[in-house]
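Residue-level listing of the chains:
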Amino acid sequence: QVQVAESGGGLVQAGGSLRLSCAASGSIRSINTMAWYRQAPEKQREMVATITRFGNTNYADSVKGRFTISRDNAKNTVYLQMNSLKPEDTADYYCYAETLVGLTYRRLEVWGRGTLVTVSS
């Protein structure tokens, strides 16, 4: 069974920083894209940042210059460093991994259960 687990959420004041981590585990052959998404109350889930296996990154306009995504391929782990946090960053943050599993390198998309980030004003 393949799964990802997030950690690092919490309560922080506006202007502060948090670092989220997400580790993938299970019978993983390889991981292509890893990403962070978020969902605020009564809003749709939105992409925050993505990173390919080779380190190519993409960010939502709302977080550019404040958030940094990175990954450790040896540990099957992705990170999200969040600086200059704003109240509008408050949301559940979800980890996503596009994994290749099994003898046939079957493509399997995996989502975490989410970690709550609350930014107070």
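Because the structure is predicted, anything quoted here is derived from the model rather than measured.

## A closer look at the pairing of strand β3 (residues 18–25)
No. 1: For strand β1 (residues 3–7) and β3, the ladder comprises five bridges, and the chain directions are antiparallel. When the sheet's bridge partners are listed, Gln3 is paired in β3 with Ser25.
No. 2: Relative to strand β8 (residues 77–82), β3 runs antiparallel, the two being bridged by six bridges. Note on β8: the bridge partner recorded for Leu18 is Met82.

## What to know about the state of the cysteines
Joining two cysteines, a disulfide is a covalent bond between their sulfur atoms.
No. 1: Under the criterion given, the structure shown has one disulfide.
No. 2: Note on cysteine connectivity: Cys22 is disulfide-linked to Cys95, with sulfurs 2.0 Å apart. With the S-S dihedral at roughly -80°, the linkage between Cys22 and Cys95 falls on the left-handed side. In this pair, Cys22 sits in strand β3 while Cys95 sits in strand β9 (residues 91–101), placing the two residues 73 residues apart along the sequence.
No. 3: Residue classification places Cys22 among the buried positions, given a relative accessible area of 1%.

## Quick look at the pattern of salt bridges
No. 1: Scanning all chains against the criterion turns up six salt bridges.
No. 2: As a salt-bridge pair, Lys64 and Asp61 come within 3.1 Å of each other at their nearest N and O atoms.
No. 3: The exposed category is assigned to Asp61, whose relative accessible area is 63%.
No. 4: The shortest N-O distance in the salt bridge between Arg107 and Glu109 comes to 3.0 Å.
No. 5: Among the ionic contacts, a cluster of salt bridges with common partners joins Arg38, Glu46, Arg66 and Asp89.

## Description of the nonpolar core
Here is a general trend for soluble globular proteins: nonpolar side chains tend to be buried in one another's company.
No. 1: In this structure, Trp36, Leu80, Met82 and Tyr93 are the most contacted members of the largest nonpolar core, which totals 31 residues.
No. 2: Per-element accounting of this core gives the leading share, five residues, to β9.

## Quick notes on the pairing of strand β7 (residues 67–72)
No. 1: Residues Phe67, Ile69 and Arg71 of β7 are buried on one face, while the alternating residues Thr68, Ser70 and Asp72, pointing to the opposite face, are not.
No. 2: By the bridge criterion, six bridges tie β7 to β8 in an arrangement that is antiparallel. Along β8, the bridge assignment pairs Ile69 with Leu80.
No. 3: Counted along the chain from β7 to the antiparallel partner β8, the turn is four residues long, and its residue Asn76 has a positive phi close to 50°.

## Concerning the sheet that holds β8
No. 1: Taken in spatial order, the four strands make up an open sheet running β1-β3-β8-β7, and their pairing is antiparallel. The sheet is open, and its two borders are formed by β1 and β7, each paired with just one other strand. On average, adjacent strands in this sheet sit at an angle of 15° to one another, irrespective of strand direction.

Criteria and cut-off values
- Residues numbered from 1 in each chain as written.
- Predicted model: local features only at pLDDT ≥ 70, side-chain atom pairs only at ≥ 80, totals over all residues.
- Heavy atoms only, no water.
- Pairing = 2+ DSSP bridges.
- Helix = DSSP H or I, 4+ residues; strand = E, 2+ residues; numbered from the N terminus.
- Disulfide = S-S within 2.5 Å.
- Buried < 20%, exposed > 50% of the residue type's maximum accessible area, 1.4 Å probe, protein only.
- Salt bridge = Lys/Arg side-chain N within 4 Å of Asp/Glu carboxyl O.
- Core = buried A, V, L, I, M, F, W, Y, C linked by side-chain atoms within 4.5 Å.
- Axes fitted to C-alpha atoms, helices over the stretch in contact; angles between N-to-C directions.

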